[in-house]
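Read off the chains here:
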Amino acid sequence: MSIPSTVSRIGIPLLTALAGFGLAHAFTPRPSAEALMRRLDRQEARMEALARRLEASAASLPVPVAPGPQARVGMDLSGLREELRQMLREELSTAVVSADDARFPEKEQAPPPPTAENMAAYEKVHRMVEDSLASGSWGRAQIQELRTLRGQMTDAQYMELVRKLVAALNNQQLRLEEPGSPI
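For every chain, the first residue of the written sequence is number 1, and numbering continues from 1 along that sequence. Only residues with pLDDT of 70 or above have their local features reported here, since the model is predicted, and side-chain atom pairs are shown and tallied only from 80 upward, although totals for entire chains, interfaces and linings are computed over all residues. To get the side-chain values, take all heavy atoms of the structure and skip hydrogens and water.

Chemist: Go over helix H5 (residues 140–149) with me, naming the residues and quoting the values.
Modeler: One turn of the α-helix equals 3.6 residues, which is why residues spaced by three or four share an orientation. Only protein chains enter the accessibility calculation, which uses a 1.4 Å probe. A residue is then buried if its area is under 20% of the maximum for its type, exposed if over 50%, and partly exposed in between. Here a strand is any run of E in DSSP of at least two residues, a helix any run of H or I of at least four, and the numbering for each starts at the N terminus. Among the residues making up H5, those that are buried are Ile 143, Leu 146 and Leu 149. Viewed along the axis of H5, the buried residues span an arc of 140 degrees, placing them on a single side of the element. Exposed side of H5, more than 90 degrees from the buried face: Arg 140 and Ala 141 are the residues found there. Tucked inside the fold, the buried residues of H5 contact helix H4 (116–135), strand E1 (137–138) and helix H6 (155–170). Arc definition: directions from the helix axis to the C-beta atoms. Should any heavy atoms of two residues lie within 4.5 Å, those residues are counted as being in contact.

Chemist: Before we move on, can you summarise a nonpolar patch on the surface with the specific residues and values?
Modeler: A cluster of nonpolar side chains, namely Leu 14, Leu 15 and Leu 18, defines an oily patch on the protein surface of about 320 Å² accessible area. Among the structural elements, Leu 14 can be located in helix H1 (residues 3–27). Residues qualify for a patch when their relative accessible area is over 30% and they have no salt bridge, like charges being joined within 9 Å and the nonpolar side chains of Val, Leu, Ile, Met, Phe, Trp and Tyr within 5 Å. Note on areas: Shrake-Rupley with a 1.4 Å probe; residue coverage comes only from the protein chains shown. Within this document, salt bridges are pairs made up of a side-chain nitrogen of Lys or Arg and a carboxyl oxygen of Asp or Glu, the two lying within 4 Å of each other.

Chemist: Before we move on, could you go through the packing of aromatic side chains and cite the residues and values that matter?
Modeler: Two aromatic rings from Phe, Tyr or Trp, using only the six-membered ring of Trp, form a pair when their centres are within 6.5 Å; if the ring planes differ by under 30 degrees the pair is stacked, by over 60 it is edge-to-face, and anything between is tilted. Counted under the stated rule, the structure contains zero aromatic pairs. We count a charge as sitting over a ring when the NZ of a lysine or the CZ of an arginine lies within 6 Å of the ring centre and within 35 degrees of the ring normal. Over the ring of Tyr 158 we find Arg 150; its NZ or CZ atom is 4.1 Å from the centre of that ring.

Chemist: So what about the pattern of salt bridges? Which residues, and what values?
Modeler: Overall, the coordinates contain seven salt bridges when judged by the stated rule. We note a salt bridge from Arg 89 to Glu 82, for which the minimum N-O separation is 3.9 Å. When the shortest N-O distance is used, the salt bridge between Lys 124 and Glu 145 registers 3.1 Å. Of this pair, Lys 124 sits in helix H4 while Glu 145 sits in helix H5, placing them 21 residues apart in sequence. On the accessibility criterion, Glu 145 (24% relative accessible area) is partly exposed. The structure contains a network of salt bridges with shared partners spanning Glu 82, Arg 85 and Arg 89.

Chemist: Mind laying out H4, listing which residues take part and the relevant values?
Modeler: In a regular helix each residue adds 1.5 Å, so 20 residues correspond to 28 Å; H4 covers 29 Å between its end C-alpha atoms and thus fits that length. Those residues of H4 lying buried are Asn 118, Ala 121, Tyr 122, Val 125, Met 128, Val 129 and Ser 132. Along H4, the residues classed as buried sweep out an arc of 130 degrees about the axis, all on the same side. Of the exposed residues in H4, those oriented more than 90 degrees away from the buried face are Ala 116, Asp 131, Ala 134 and Ser 135. Where the residues of H4 are buried, they touch E1, H5 and H6. Take the residue count of a helix, subtract one, and multiply by 1.5 Å to get its expected span.

Chemist: I'd like a description of the side chain of Ser 137, backed by residues and values.
Modeler: Assignment of secondary structure puts Ser 137 in strand E1. With relative accessibility at 12%, the residue Ser 137 sits in the buried group. Under this definition, polar contacts are N or O atom pairs within 3.5 Å; protein pairs additionally need one hydrogen-donor-capable and one acceptor-capable atom, and for neighbouring residues in sequence, both atoms have to be side-chain atoms. Polar contacts involving the side chain of Ser 137 include one to the side chain of Glu 177, which spans 3.0 Å.

Chemist: Describe the packing of H4 against H6, listing the residues and the values that go with them.
Modeler: Angles here are taken between N-to-C directions and fall from 0 to 180 degrees, while the axes themselves are lines fitted to C-alpha atoms, restricted in helices to the stretch in contact. Where H4 meets H6, the closest approach of the two axes is 10 Å, and the angle between their N-to-C directions is 5 degrees. Considered as vectors, H4 and H6 are oriented roughly parallel to each other. Taken together, the residues of H6 that come into contact with H4 (itself represented by Asn 118, Met 119, Tyr 122, Val 125, His 126, Val 129, Glu 130 and Leu 133) are Gln 157, Glu 160, Leu 161, Lys 164 and Ala 168. Each residue gets one of three labels, nonpolar for Ala, Val, Leu, Ile, Met, Phe, Trp, Tyr, Cys and Pro, charged for Asp, Glu, Lys and Arg, and polar for the others, Gly among them. By residue class, the composition of the contact of H4 with H6 is seven nonpolar, three polar and three charged. For classification, angles of less than 35 degrees are called roughly parallel, those exceeding 145 degrees roughly antiparallel, those between 65 and 115 degrees roughly perpendicular, and all remaining angles oblique.

Chemist: Just give me the short version of the packing of H4 against H5, but keep the residues and values in it.
Modeler: As a packed pair, H4 and H5 sit with axes 10 Å apart at the nearest point and diverge in direction by 160 degrees. With respect to their mutual orientation, H4 and H5 come out roughly antiparallel. Pair H4 / H5 crosses with left-handed handedness. Seen from H4, the contacting residues are Ala 121, Lys 124, Val 125, Met 128 and Ser 132; seen from H5, they are Gln 142, Glu 145, Leu 146 and Leu 149. Tallied by class, the residues present in the contact of H4 with H5 amount to five nonpolar, two polar and two charged. Here a crossing is called left-handed whenever its near helix is offset anticlockwise from the far helix by less than a right angle, and right-handed whenever the offset is clockwise.

Set out below in structure tokens:
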């Protein structure tokens, strides 16, 4: 790319824009100083009128004042005390019930022990992962075998093998032969 072509690509549109701006600025009529002052005076008058209306409406609105508690000498507060006691009892009983519920959560059922089928599938995939670690590669055949045997393993067994596999891939102990998901 030569300098003249760059100048023509950038310079001509830039000069055209500057010429248009200059012509618009030169031929646009400007208001006189008197006209500007009249407009400014009108704006000031409107602002003052609005300020007066605002002050008048604020003065006419009553200021709400919440009545405070009035205690009189010799006033009987026993009814109020009894209501307060009742509210505290209700809150305390609700808090005790919710604390009891939180203290004894329902026990989750432990997963059933692995069956012989689970163990056989786990051992087969575990050997496959170990062999792949030794060879340093994980390919389509291993992925397909893992997917096939997935249904025969427990969730815990599968997650253990996946963690081991992903850790090896992240540590670059294994490389994927083909792009895509390793599991």
